[in-house]
Amino acid sequence: MEKTSPGLSGPPQGLLVHRVGLWWVTEVALSPTQAWESLPFPAVSQVRSTADIPKRSRRRKSVAIAYESGKGDGAEHGGPEPQRLRWEPRDWRQQLERIREMRRNRDAPVDEMGVEKCYDSSAPPQVMRYQVLLSLMLSSQTKDQVTSAAMLRLRQHGLTIDRILQMDDATLGQMIYPVGFWRNKVKYIKQTTAILKQKYGGDIPRTVEELVQLPGVGPKMAHLAMTIAWDSVSGIAVDTHVHRITNRLKWVKKETRHPEETRVALEDWLPRDLWREINWLLVGFGQQTCLPVNPRCNECLNRDLCPAAKRC
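Now for a look at the structure at hand.

About the thresholds
- Residues numbered from 1 in each chain as written.
- Predicted model: local features only at pLDDT ≥ 70, side-chain atom pairs only at ≥ 80, totals over all residues.
- Heavy atoms only, no water.
- Helix = DSSP H or I, 4+ residues; strand = E, 2+ residues; numbered from the N terminus.
- Buried < 20%, exposed > 50% of the residue type's maximum accessible area, 1.4 Å probe, protein only.
- Contact = heavy atoms within 4.5 Å.
- Areas by Shrake-Rupley, 256 points an atom, 1.4 Å probe, with all protein chains shown as cover.
- Arc of directions from axis to C-beta.
- Axes fitted to C-alpha atoms, helices over the stretch in contact; angles between N-to-C directions.
- Parallel < 35°, antiparallel > 145°, perpendicular 65-115°, else oblique.
- Left-handed = near helix turned anticlockwise from the far one by under 90°.
- Nonpolar A, V, L, I, M, F, W, Y, C, P; charged D, E, K, R; others polar.
- Polar contact = N/O pair within 3.5 Å; in protein donor to acceptor, adjacent residues only side chain to side chain.

**Topic: the overall build of the chain**
No. 1: Secondary structure summary: the chain contains 13 helices and three strands in total.
No. 2: Within the chain, buried positions represent 38% of all 312 residues.
No. 3: In the chain, 58% of the contacts between residues at least 6 apart in sequence involve partners at least 24 apart.
No. 4: About 20300 Å² of surface is accessible on the chain, with carbon and sulfur atoms providing 51% of the total.

So this is what it looks like as structure tokens:
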């Protein structure tokens with residue numbers, strides 16, 4: 001851009017000009033090379049002109065940038081759906097630790113006369129497993145003290161599959177009386193023992209699915225048999241104590257009516273490494289503190305956390 005003297009009477013010919021005050025302003029269009037060379041740098045001649053500079057492609061190059069995927073936005077970009085947060089009860093870990101503290105002495109009936117104390121641990125493995133199953137069948141609707149006494153009488157007589165098959169129903173009834181529903185249990189024990197002899201070679205099944213097909217064997221018994229006899233945790237054994245206490249503590253998302261319904265609800269959130277412990281823990285707690293009728297809330301360490309606590 002050049003400026004002309006204000007003394008000129010008109011704009012120079014052949015140039016693109018316009019007047020600013022007393023000055024005529026001339027606009028000169030320069031090529032890129034001319035513009036570069038006209039810059040007031042020293043030793044301009046030593047600088048390469050734009051003609052010597054290789055032309056770059058006008059196409060933009062794409063640059064791959066790796067981003068750490070954010071949580072919760074997988075669905076927007078076609079990725080996997082974000083994992084649903086699993087429900088768990090409020091304060092359950094603190095409640096569990098307090099129950100462990102209350103069970104620290106291991107002096108409940110289940111600790112001294114429960115199923116794990118009823119079989120002959122020195123017997124051959126098949127005999128031991130059969131005795132575990134029979135003690136579980138006898139324990140239904142029966143206190144541990146009564147079950148333990150009945151198992152002791154049977155063991156003194158010789159508690160094996162062959163001995164039970166040789167025994168008449170009347171004798172078997174006398175030995176197991178007064179366990180709950182003892183007449184039905186005589187029939188179930190005879191039928192189950194025959195099946196074990198014929199179908200399983202004198203042993204017990206090693207799956208829950210097969211165990212619950214045996215007469216007189218329910219889901220709780222099957223899961224306990226898997227744990228005690230086969231040392232395999234297949235599920236949570238839920239009896240009346242576990243069912244009652246977990247509902248009182250609100251360890252189920254909604255109230256359950258039956259033990260099997262409770263089992264499914266518990267297994268949905270309770271860590272698997274606690275499944276073996278939870279039956280023993282809650283059964284003893286239910287026998288000593290969280291009683292079916294008139295629970296001893298004043299003695300319970302969870303009285304400030306339990307939704308069902310009777311606060312005085």
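**Describing helix H12 (residues 259–267)**
No. 1: Among the residues making up H12, those that are buried are Thr-262, Arg-263 and Leu-266. An end-on view of H12 places all buried positions within 105° of arc, on one side of the element.
No. 2: Summarising the contacts, the buried residues of H12 are in contact with helix H10 (219–230) and helix H11 (240–248).

**Notes on the packing of H11 against H12**
No. 1: Look at H11 against H12: their axes get within 9 Å of each other, and the N-to-C directions meet at 55°. As summarised for this structure, H11 and H12 are arranged oblique, according to the angle between their axes. Classified by chirality, the crossing of H12 by H11 is left-handed. In this structure, H11 uses Val-242, His-243, Thr-246 and Asn-247 to contact H12, whose residues at the interface are Pro-259, Thr-262 and Leu-266.
No. 2: Class assignment for the residues of the contact of H11 with H12 results in three nonpolar, four polar and no charged.

**Focus on the side chain of Lys-190**
No. 1: The topology assignment puts Lys-190 in helix H8 (residues 182–199).
No. 2: There is a polar contact of 3.0 Å between the side chain of Lys-190 and the side chain of Asp-169.
No. 3: Here Lys-190 is in contact with Ile-164, Leu-165, Met-167, Asp-168, Asp-169 and Leu-172, once residues within four sequence places are set aside.

Taken by themselves, the reported measurements are silent on function.
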